[in-house]
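Residues per chain, in single letters:
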Amino acid sequence: MTATRSSDRLPDGREIYYYGEAPILADPSDGPSAGHWTPDRSELRWDPLMEEWVIVAPHRRRRAATGALCPLCPTRGDDLTEIPAARYDVAVFENRFPALSGPWTADFAPVGPLPRSAAAAGRCEVISYSSEHDVTPALLPAARLVTVIEALADRTAELGAMPGVQYVFCFENHGAEVGATVSHAHGQVYAYPFVPPRIARMRDAARHSAARGAGCLFCEVQRQEAAGSRVVERGDHWTAFVPYAARWPYEIHLYPRRHLPDLAALTPAERAELAQLYGSVLRRLAGLPGGPLPYMALWIQAPVTEDREVFHLHLQIFTDRAGTGGPKRLAAGELGAGVFVSEVDPERAAEELRAVRTSAGLE
């Protein structure tokens, strides 16, 4: 990791980490929530019909939304925020309203009498991409995006080493329309005590491919897409493309050419090119008609303890907006039956994304 890392504790005891070009010295007396922080406990409830866990966390309705004082801006004077530093490059801290928290005491195997529940053990962290409030992820310089990626890689390795963690999920909600309660550029990291259902389905597909002797399913998808008409951008190490069976109006996947399990396994050259392509893809979304469009970004990594050899790191970015049209609303067939209906031709979407100039507004 080329970025420096320094750590501290907030006044309420939560951990905070700073990543950047130089160590950040913060005043530990500054910050919200005087006294020791004890998170409200969530509950895991097992759905036997879907064979998956549901997190019940009603306390999260109290989490902050951007108002007069942004919680991710630096603390200045009496304006106490979550980050007690006058400036920073990238900051990561424990979420004050976590969906998952607490010790790893439960057995998460789907056995036993119904109803089945357990404490929602785990950890949730917030990662702020900049101390500047008005900058968007699309306009961050590539060097800062490298720091973001290195911070996510570091958190992936550290959280994955904690006892009981089965999956580390890094993600970003950008825009109030897709659920972001704070407009300041940021993402989140969840450490789950189980492999989430969507990841488990990918894992199972990869297992089936390996069992057939077909090799890595993700590698084959990357090879086919890299030679097709839906490529948005390609580099020496990464390919960005609209997937053949895209579910969302604009959906872009970024795959590394090399087979590797997670962000922590990236080389410096792979991280640098990923930062460049990541920013470029976000600027393409912002430059579409009706943009800038809200989006979600999902860093899909291998599970911590199982099937790491069959999994393949990649990034999925998508928006529910079709340009100047309204949002895609998931109807009964999609939510109820789980079968998506795509109303945008993936080849056309790739063509529109390729046509967007990505250098506007950048140095």
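Residues numbered from 1 in each chain as written. Predicted model: local features only at pLDDT ≥ 70, side-chain atom pairs only at ≥ 80, totals over all residues. Heavy atoms only, no water.

A. Spatial organisation of the pairing of strand β8 (residues 167-174). The element β8 is extensively covered by neighbouring structure, given that 6 of its 8 residues are classed as buried. Pairing geometry for β8 and strand β9 (residues 186-192), over 5 bridges, is antiparallel. Bridged to Phe169 within β9 is Tyr190. Sheet topology note: the β8/strand β13 (residues 295-300) ladder contains 5 bridges and is antiparallel. Among the inter-strand pairings, Phe171 is bridged to a residue of β13, identified as Leu298. (Buried < 20%, exposed > 50% of the residue type's maximum accessible area, 1.4 Å probe, protein only. Helix = DSSP H or I, 4+ residues; strand = E, 2+ residues; numbered from the N terminus. Pairing = 2+ DSSP bridges.)

B. Quick look at the packing of aromatic side chains. Summed over the entire model, instances satisfying the criterion amount to 11 aromatic pairs. With 5.3 Å between their ring centres and 45 degrees between their planes, Phe241 and Tyr255 make a pair best called tilted. You can see Phe241 sitting in strand β11 (residues 238-241) and its partner Tyr255 sitting in strand β12 (residues 250-256), a full 14 residues away along the chain. Both rings, one in Trp248 and one in Phe340, keep their centres 5.3 Å apart while their planes meet at 70 degrees; by these two values the pair is edge-to-face. With Trp248 in the loop between β11 and β12 and Phe340 in the loop between α5 (332-337) and α6 (346-355), this residue pair connects regions lying 92 residues apart in the sequence. Note on Phe340: relative accessible area 28%, which makes it partly exposed. (Phe/Tyr/Trp six-rings, centres within 6.5 Å; stacked < 30°, edge-to-face > 60°.)

C. Just the packing of helix α1 (residues 142-160) against helix α4 (residues 268-286), in detail. Orientation of α1 relative to α4, taken along the N-to-C sense of each, is 115 degrees, at an axis distance of 8 Å. The hand of the α1/α4 crossing is right-handed. Packed against α1, whose contacting residues are Ala142, Leu145, Val146, Ile149, Glu150 and Ala153, the element α4 presents Arg271, Ala272, Leu274, Ala275, Tyr278 and Gly279 at the interface. Here the residues of the contact of α1 with α4 are counted per class, giving 9 nonpolar, 1 polar and 2 charged. (Axes fitted to C-alpha atoms, helices over the stretch in contact; angles between N-to-C directions. Left-handed = near helix turned anticlockwise from the far one by under 90°. Contact = heavy atoms within 4.5 Å. Nonpolar A, V, L, I, M, F, W, Y, C, P; charged D, E, K, R; others polar.)

D. Expanded view of the pairing of strand β14 (residues 314-319). Counting buried positions along β14 yields 6 of 6 residues, so the element is predominantly enclosed. Bridge analysis of β12 against β14 gives 5 bridges, and the strand direction is antiparallel. In the strand pairing of β14, Ile252 is matched with Ile317. The pairing of β13 with β14 spans 5 bridges and is classified as antiparallel. Bridge pairing in β14 places Met296 opposite Phe318.

E. How the structure looks around the sheet that holds strand β3 (residues 43-47). A sheet is described by the order of its strands in space; here 3 strands give the open sequence β4-β3-β6, paired in antiparallel fashion. The open sheet terminates on both sides in strands that have one partner only, identified here as β4 (52-56) and β6 (117-119). Across this sheet, the average inter-strand angle for adjacent strands is 30 degrees, counted without regard to direction. Examined bridge by bridge, β3 and β4 share 5 bridges and lie antiparallel to one another. Its bridge partner lying in β4, Arg45 is registered against Val54.

F. Fine view of the pattern of salt bridges. Across all of its chains, the model carries 29 salt bridges by this definition. When the shortest N-O distance is used, the salt bridge between Asp204 and Arg207 registers 3.5 Å. Of the two residues, Asp204 and Arg207 are both situated in helix α2 (residues 197-211); the distance of 3 residues between them amounts to about one turn of the helix. Residue Arg207 is classed as partly exposed on the basis of its relative accessible area of 33%. Taken together, the shared-partner salt bridges connect Arg5, Arg9, Glu15, Glu94, Arg123, Glu125, Asp154, Arg155 and Glu158 into one network. (Salt bridge = Lys/Arg side-chain N within 4 Å of Asp/Glu carboxyl O.)

G. Representation of the sheet that holds strand β2 (residues 15-20) in the model. On the basis of which strands lie adjacent, the open sheet formed by 11 strands has the order β1-β2-β5-β7-β9-β8-β13-β14-β12-β11-β10 and antiparallel pairing. If you trace the sheet from one side to the other, it starts and ends with β1 (4-9) and β10 (231-234), each paired once. Taken pair by pair, the neighbouring strands of this sheet meet at an average axis angle of 20 degrees, ignoring direction. For strand β7 (residues 123-128) and β9, the ladder comprises 6 bridges, and the chain directions are antiparallel. Residue pairing in the sheet places Glu125 in a bridge with Val189 of β9. Across the sheet, α4 lies against β8, β10, β11, β12, β13 and β14, angled at about 170 degrees from β12, the strand it touches most.

By themselves, these observations are geometric and do not establish any function.
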